[in-house]
Amino acid sequence: MILNRSSGILLHPTALPNDYGIGDLGNQAYKFIDFLAELKQEYWQILPLTIPEKGNSPYSPLSSFAGNPLLISYDKLIEEGLLDISDLSNISSYNEKIDYFQVKQEKDNLLKKAFLNFSQNNEDYIKFCSNHWLKDYSLFITLYEKNERRAWSEWIDQEKKPTAQDKIELIAKYQSEIKYHNFVQFIFFQQWMKLKSYANKKKIKIIGDIPIYVSYNSADVWSNKEFFLLDNNANPQFISGCPPDDFNHDGQIWENPLYDWEMNKVSNYRWWKERIAYNLLISDMVRLDHFIGFTRYWSIPTQLFDAKQGEWKEGPGYDFFQNIKTSIPNLNIIAEDLGMLTQEVTDLKNKFNFPGMIVLHYALDDYSFNYLELPQNTFIYTGTHDNNTSLGWWKEFAENHDLINKNISNSLAKINNNSHHNSDTISWDLITIAYASSCIAAIIPMQDILKLSQDYRMNRPGLADGNWDIRIPQGYENMVDKRELLELLERNVRANN
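Since we're looking at a predicted model, the values are computed, not measured.

(A) Representation of the overall build of the protein chain. Tallying secondary structure elements over the protein chain gives 19 helices and twelve strands in all. Relative to the globule expectation of 23 Å for 497 residues, the C-alpha radius of gyration of the protein chain, 23 Å, shows essentially globular dimensions. With the principal axes as the frame, the protein chain shows a C-alpha extent of 70 × 55 × 40 Å. The burial tally for the protein chain puts 59% of its 497 residues in the buried class. Within the protein chain, contacts between residues at least 6 apart in sequence are counted, and of these 73% link residues at least 24 apart. Accessible area for the protein chain stands at about 21600 Å²; split by element, carbon and sulfur atoms hold 46% of it. Measuring between centres, the 49 positive side-chain charges of the protein chain sit 5 Å from its 65 negative side-chain charges.

(B) Representation of the sheet that holds strand β1 (residues 6-10). Pairing within the open sheet is parallel, and its eight strands lie in the order β9-β6-β3-β2-β1-β12-β11-β10. Each end of this open sheet is capped by a strand with a single partner; those strands are β9 (333-335) and β10 (356-359). Strand-to-strand twist of the sheet, defined as the mean angle between neighbouring strand axes without regard to direction, takes the value 25°. Helix α11 (residues 270-282) contacts β3 (205-210) and β6 (285-288) of the sheet and is inclined by roughly 150° relative to β3.

(C) Representation of the sheet that holds strand β5 (residues 252-257) in the model. Taken in spatial order, the four strands make up an open sheet running β5-β4-β7-β8, and their pairing is antiparallel. Either end of the sheet is taken by a strand with one partner, and the two such strands are β5 and β8 (311-314). Ignoring which end each strand starts from, the neighbouring axes of this sheet average 50° apart. Direction of pairing for strand β4 (residues 238-242) relative to β5: antiparallel, over a ladder of three bridges. What sits directly across from C242, in β5, is Q252.

(D) Broad picture of the side chain of T389. Among the secondary structure elements, T389 is positioned in the loop between β11 (378-381) and α15 (390-396). You can call T389 buried: its relative accessible area is 4%. Once you skip the residues sitting within four places of it in the chain, T389 turns out to touch H361, Q447, D448, L452, S453, Q454, Y456 and R457.

(E) The layout of surface pockets, seen in detail. Within this model, the second largest pocket holds a volume of roughly 630 Å³. As for the second largest pocket, its lining consists of 27 residues, of which P69, D108, E145, R149 and H181 are closest to the centre. Mapped onto the lining of the second largest pocket, the elements with two or more residues apiece are α3 (100-116), α5 (132-146) and α8 (175-201). Of all the elements, α3 adds the most residues to the lining of the second largest pocket, at eight residues. Partitioned by chemical class, the residues of the lining of the second largest pocket number twelve nonpolar, seven polar and eight charged.

(F) Region of the structure containing the pattern of salt bridges. Applying the stated criterion to the full structure yields 18 salt bridges. One salt bridge connects K202 with D34, and the closest N-O pair in it is separated by 3.4 Å. Highlighted residues: K202 in the loop between α8 and β3 and D34 in helix α1 (residues 27-38), separated in sequence by 168 residues. For K202, a relative accessible area of 35% corresponds to the partly exposed category. With its nearest N and O atoms 3.7 Å apart, the salt bridge here joins R150 to E154. For R150, a relative accessible area of 34% translates into the label partly exposed. Among the charged side chains, a network of salt bridges with common partners joins E148, R150 and E154.

(G) Molecular detail of the environment of I408. Turning to its location among the elements, I408 is positioned in helix α16 (residues 402-416). Expressed as a C-alpha distance, the spacing of I408 and I426, which sit 18 residues apart in the sequence, is 9.2 Å. Apart from the residues lying within four places of it in its own chain, the contact partners of I408 are L364, W394, H421, I426, D429, L430 and I433.

(H) View of the packing of aromatic side chains. Here the structure, examined in full by the defined rule, presents 55 aromatic pairs. Geometrically, the ring pair formed by F140 and Y144 is stacked, given 5.9 Å between the ring centres and 10° between the ring planes. You can see F140 and its partner Y144 sitting in helix α5, four residues apart, about one turn around the helix. Across the pair, Y144 and F140 agree in class, each one buried. Looking at K107, its charged tip hangs above the ring of Y74, at a distance of 4.1 Å from the centre. A cation sits over an aromatic face here: K451 above W428, 5.0 Å from the ring centre.

(I) Molecular detail of the nonpolar core. By size, the foremost hydrophobic cluster in this structure holds 162 residues, and its most contacted members are W44, W272 and F321. Once residues lying within four places of it in the same chain are set aside, the contact partners of W272 are I210, I212, Y259, W261, N264, F294, F320 and I324.

(J) How the structure looks around the side chain of D337. Tracing the backbone shows D337 in the loop between β9 and α13 (343-351). Within polar-contact distance, the side chain of D337 engages the backbone nitrogen of M357 at 2.9 Å. Excluding its chain neighbours within four sequence positions, the residues that come into contact with D337 are F291, I292, V345, K349, G356 and M357.

(K) Summary view of α13. Within α13 the residues assigned to the buried category are V345, L348 and K349. For α13, the angular spread of the buried residues around the axis is 100°, confining them to a single face. Residues of α13 that are exposed and point more than 90 degrees away from the buried face comprise Q343, E344 and K351. Check the buried side of α13 and you find it contacts α12 (317-327), β9 and β10. Just downstream of α13, N353 is the residue with a positive phi angle, here 60°.

(L) Layout of the packing of α5 against α8. Across the interface, α5 lies against α8 with an axial gap of 9 Å and an inter-helix angle of 120°. As judged from the angle between their axes, α5 and α8 are oblique. Note that α5 runs across α8; the crossing there is right-handed. Of α8, the residues touching α5 (which contributes W133, L134, Y137, S138, L139, I141, T142 and E145) are E177, I178, H181, N182 and Q185. Looking at the contact of α5 with α8 residue by residue, the classes come out as six nonpolar, five polar and two charged.

Cut-offs applied
- Residues numbered from 1 in each chain as written.
- Predicted model: local features only at pLDDT ≥ 70, side-chain atom pairs only at ≥ 80, totals over all residues.
- Heavy atoms only, no water.
- Helix = DSSP H or I, 4+ residues; strand = E, 2+ residues; numbered from the N terminus.
- Rg over C-alpha atoms; globule rule 2.2 N^0.38 Å.
- Buried < 20%, exposed > 50% of the residue type's maximum accessible area, 1.4 Å probe, protein only.
- Contact = heavy atoms within 4.5 Å.
- Areas by Shrake-Rupley, 256 points an atom, 1.4 Å probe, with all protein chains shown as cover.
- Lys, Arg positive; Asp, Glu negative; His and termini not counted.
- Charge placed at Lys NZ, Arg CZ, Asp CG, Glu CD.
- Pairing = 2+ DSSP bridges.
- Axes fitted to C-alpha atoms, helices over the stretch in contact; angles between N-to-C directions.
- 1 Å grid on protein atoms, 1.4 Å probe; cavity = no way out; pocket = protein on both sides within 12 Å on 5 of 7 lines; lining within 4 Å.
- Points joined across faces, edges and corners; volume = space filled by probe spheres on them.
- Nonpolar A, V, L, I, M, F, W, Y, C, P; charged D, E, K, R; others polar.
- Salt bridge = Lys/Arg side-chain N within 4 Å of Asp/Glu carboxyl O.
- Phe/Tyr/Trp six-rings, centres within 6.5 Å; stacked < 30°, edge-to-face > 60°.
- Lys NZ or Arg CZ within 6 Å of the ring centre and 35° of its normal.
- Core = buried A, V, L, I, M, F, W, Y, C linked by side-chain atoms within 4.5 Å.
- Polar contact = N/O pair within 3.5 Å; in protein donor to acceptor, adjacent residues only side chain to side chain.
- Arc of directions from axis to C-beta.
- Parallel < 35°, antiparallel > 145°, perpendicular 65-115°, else oblique.
- Left-handed = near helix turned anticlockwise from the far one by under 90°.

None of this, on its own, says anything about what the molecule does.
Okay, structure coming up:
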């Protein structure tokens, strides 16, 4: 992939401010794109747009394809004549934190009302309903709700492991519910694609996100059991995680079912091709999460449930990506190659010329750090959705860390002859280093653009609750020194193209 030096901003749509309880694909999303264009940014990076299965995490979805109904815009539904302004009289207004329970109830009620006003003779809708993934998802989510949102492993056999005939009977039985879920996904897709088109017209590219693993309790596993390592009762034989290290002496258990890579290979990676192709339809590029897992992955026997008892297994590697490229020649992937980097990972990434990632919160804690000698084919970040904000990171960790202090000071002295930095300047200092680095692109979390505190952190890995619920402040566009950011951009990014 050949790119010019560029920059962008990382912000998930749920965090956008609006007049409602959660950010969506409506007017404020268009306004944010205008904001990006005004700042001459070229990328808007988002998190997965999928429906969280638990903990409100977009990295634990009910489907790798289906869009999150909570992102559907009320304003756009009104413009399309599917709702009336009076329908919004009792819904949540803007809050600094998302109340997911409340907004789910409100959105579901109003989407059902919009469905009653929708004509199913719409040609685009009919075409959309032919999507293979949609047929599986709409039946799955219907059965999931019918079973009071219990995991599919607890359903009766006809629903848990349906035959082709069982599916025909279930679709006939729950026809109205399935049509509703088809409608919700169609509306999501229409709203998103219009927003993406607007971004592209403004010369903004969307960077999407594909987690390597999927939830066990998902339409993906339920409808593609042969591609996962399951036992005769359709329960996972092995689960994902990582081995013990300096940060976690017990290792980590992520609980996702592992892929049967041999069966995936026999199918020429059919499900993966469909998944990647769909994500590259709704995005211009995608970050492929946990890229390391395609060379080797940590396999934990389910019955032991002990990360220490896992072992390394060989991933699909070169064969996987070479096969994918036969169907998707323009494989616009950013490899999330953070963590236990091996030579095999680097070789695989370089073989397909995928850009990798560097996160300054980690990179600065390295004696060899030199912002001018970082790998060029790399996207550099101050932090990601899993990191604290830079201001929070500094206050929590770095202000007493001599090496980080030294690396920041040395870098700033070379860039602008100013090595003075503190908690008031740290967000901008890291942005300056990212922009001036040798990396091909700098992506900055919106929280750092706004110099926000740890209160605006998106996710705290390892904590089940209190994540994914932040909203950026209303009036954010007036909190940025636009001239300073544009000058920084012109001086460091544009000047080196």
